[in-house]
Amino acid sequence: MSVTVLAANRVALRGLCLTVYKGLNHVCHSSLQSKRSPCLRLHQGVYERKVWITSAIGSPQIAQARAAEDMSNTYQHELQAACAAVRLAARLCTKVQLQLKAGEKQDKSDDSPVTIADYGSQALVAYSLQSSLPSMQFSMVAEEDSADLRSQDSQAMADRITDEVNSILRQEDGAPQLSKQAVLDLIDQGASQGGPQGRHWVLDPIDGTRGFVGLRQYAICLGLLDQGQVVLGVLGCPNLPQQPIQEEDGAAGVAERVGTEGIGCLFTAIKGQGAFVGPLNGRPPSSRLQLQDRSDFSQARFMESYESKHSDQSFTSKLAKELGVTAPPLRLDSQAKYGALARGDAAILLRFPHKGYREKIWDHAAGVVIVQEAGAVITDASGAPLELGQSRWLDIDRGIVTATPKVHAAILKAISKNSQD
């Protein structure tokens, strides 16, 4: 094994070793007596040799080192809880997607569908987060509520949701079986208004419900707001291949591949600590995502929504032509597009909703931090950052542009030259 010896400071600190890794101090509580064999630590895929402390250090350096170590651990417990919650919900969704019957979905007032899996996923995430983080005050901004399920006409659907939730919980050691009332109450815990104060989970239990119903791509999307900033994001994409996507990966029928080798991805990010990807089921994601910027746009791929009703595809086509992009667009449902862009499957993601549509924060929160930590820039069409910490709504200028930095700057120039019809 080759070991990269990174820049390190030798200082004495009561038997501690201190390593400076790319500007980040790491403190290891180890005994100086074992200094004959310096320990190794795997830090995001890079081995570092810890250097034992041999001279004096004052309290300011101690405080700095400890603060840096605390920073590296920030939100780790929340990330573990979020991954567990998303994986739990994904088990329900993958089971239901191939079994969905006509009577197990409803149409909401905005003509968007909602299924038993949307409700069940939201209940499981709310349950799992509170079980994993019992001391954290719970606040969640989520898409669904149980109002329709409480009507007499919807009792059969409410019963089915409860059955599906309990079928997943039966596989968890020590998990209780929940009453129908308890499941409905869990769904309603997504009623928080969010905002710039405190911590709020942001959940889309199934982003891309039309894709879910059509046996296409979808994602379970969970983010964490802290004082108005998205600090953590997890995307569970059960039908997304672990290799770069092709055009056919957005089409109907991909759900039939679920559970096979190489299918199913989990994307994670903590603000300031990078973005990672791994299999949906298994160990925590460990493959670091780092996008490469480009100056030649001709071979760049761009992604957009599968459904034309979700984005003005004629306008995005005009922008692509302005940039000199010749490859056809990759069309995909849901925030799975954010994950695909973060790993480099495409260089551009464009979303330009039709006039009158108002964005919601759960449609973007988890994906935003993942693409940013991978090295992309995301703004609205004017170049303004997305304000996800104001309320349940996300108000933008015309559309949302996500791309690597040079490409993003070129897209904004193209937008200024072309007016959306």
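Throughout what follows, the structure given in this document is the object of discussion.

With that settled, the discussion passes to the packing of aromatic side chains. The full count for this structure, using the stated rule, is two aromatic pairs. When the ring of phenylalanine 212 is compared with that of tyrosine 218, the centres are 4.9 Å apart and the planes differ by 90 degrees; the resulting orientation is edge-to-face. By relative accessible area, tyrosine 218 is classed as buried at 0%. Both rings, one in phenylalanine 315 and one in phenylalanine 352, keep their centres 5.0 Å apart while their planes meet at 65 degrees; by these two values the pair is edge-to-face. Of this pair, phenylalanine 315 sits in helix H7 (residues 313-323) while phenylalanine 352 sits in the loop between strand E16 (348-351) and strand E17 (359-360), placing them 37 residues apart in sequence. On the basis of relative accessible area, phenylalanine 315 is assigned to the buried category, the value being 3%.

Residue position: threonine 115 is located in strand E6 (residues 113-115). At 3.1 Å, the side chain of threonine 115 and the backbone nitrogen of alanine 117 are in polar contact. Of the polar contacts made by the side chain of threonine 115, one reaches the side chain of aspartate 118; its length is 2.7 Å. Every residue in contact with threonine 115, bar those within four places of it in the chain, is listed here: Leu100, Glu104, Lys105, Met157, Ile206, Thr209, Phe212 and Val213.

For the coordinates displayed, the defined rule picks out 17 salt bridges. Aspartate 395 serves as the salt-bridge partner of arginine 358, at 2.8 Å between the closest nitrogen and oxygen. In this pair, arginine 358 is assigned in the loop between E16 and E17 and aspartate 395 in the loop between strand E19 (393-394) and strand E20 (400-403), connecting sequence segments 37 residues apart. Looking at arginine 358, the relative accessible area reads 39%, which means it is partly exposed. The class of aspartate 395 is exposed, set by a relative accessible area of 52%. One salt bridge connects aspartate 397 with arginine 398, and the closest N-O pair in it is separated by 2.7 Å. Classification of arginine 398 as partly exposed rests on a relative accessible area of 38%. Taken together, the shared-partner salt bridges in this structure form one network comprising Glu78, Arg199 and Asp226.

What follows is about unusual backbone geometry. Non-glycine residue glutamine 227 carries a positive phi angle of around 55 degrees. With respect to the element layout, glutamine 227 can be found in the loop between strand E9 (219-226) and strand E10 (229-241).

With that settled, consider the sheet that holds E20. Strand order in the open sheet formed by five strands is E15-E14-E16-E20-E18, with mixed pairing between adjacent strands. Among the strands making up the open sheet, the edge pair consists of strand E15 (330-332) and strand E18 (377-380). In this sheet, neighbouring strand axes are inclined to one another by 20 degrees on average, regardless of whether the strands run parallel or antiparallel. Two elements, strand E14 (residues 302-305) and E15, share three bridges in a ladder whose sense is parallel. By the bridge assignment, serine 305 is partnered in E15 with leucine 332. Most of the contacts of H7 go to E14, to which it runs at about 170 degrees, and overall it touches E14, E15 and E16. Against the sheet, helix H10 (residues 405-417) contacts E16, E18 and E20, and its axis sits at roughly 150 degrees relative to E20.

How each quantity is defined
Residues numbered from 1 in each chain as written. Predicted model: local features only at pLDDT ≥ 70, side-chain atom pairs only at ≥ 80, totals over all residues. Heavy atoms only, no water. Phe/Tyr/Trp six-rings, centres within 6.5 Å; stacked < 30°, edge-to-face > 60°. Buried < 20%, exposed > 50% of the residue type's maximum accessible area, 1.4 Å probe, protein only. Helix = DSSP H or I, 4+ residues; strand = E, 2+ residues; numbered from the N terminus. Polar contact = N/O pair within 3.5 Å; in protein donor to acceptor, adjacent residues only side chain to side chain. Contact = heavy atoms within 4.5 Å. Salt bridge = Lys/Arg side-chain N within 4 Å of Asp/Glu carboxyl O. Pairing = 2+ DSSP bridges. Axes fitted to C-alpha atoms, helices over the stretch in contact; angles between N-to-C directions.

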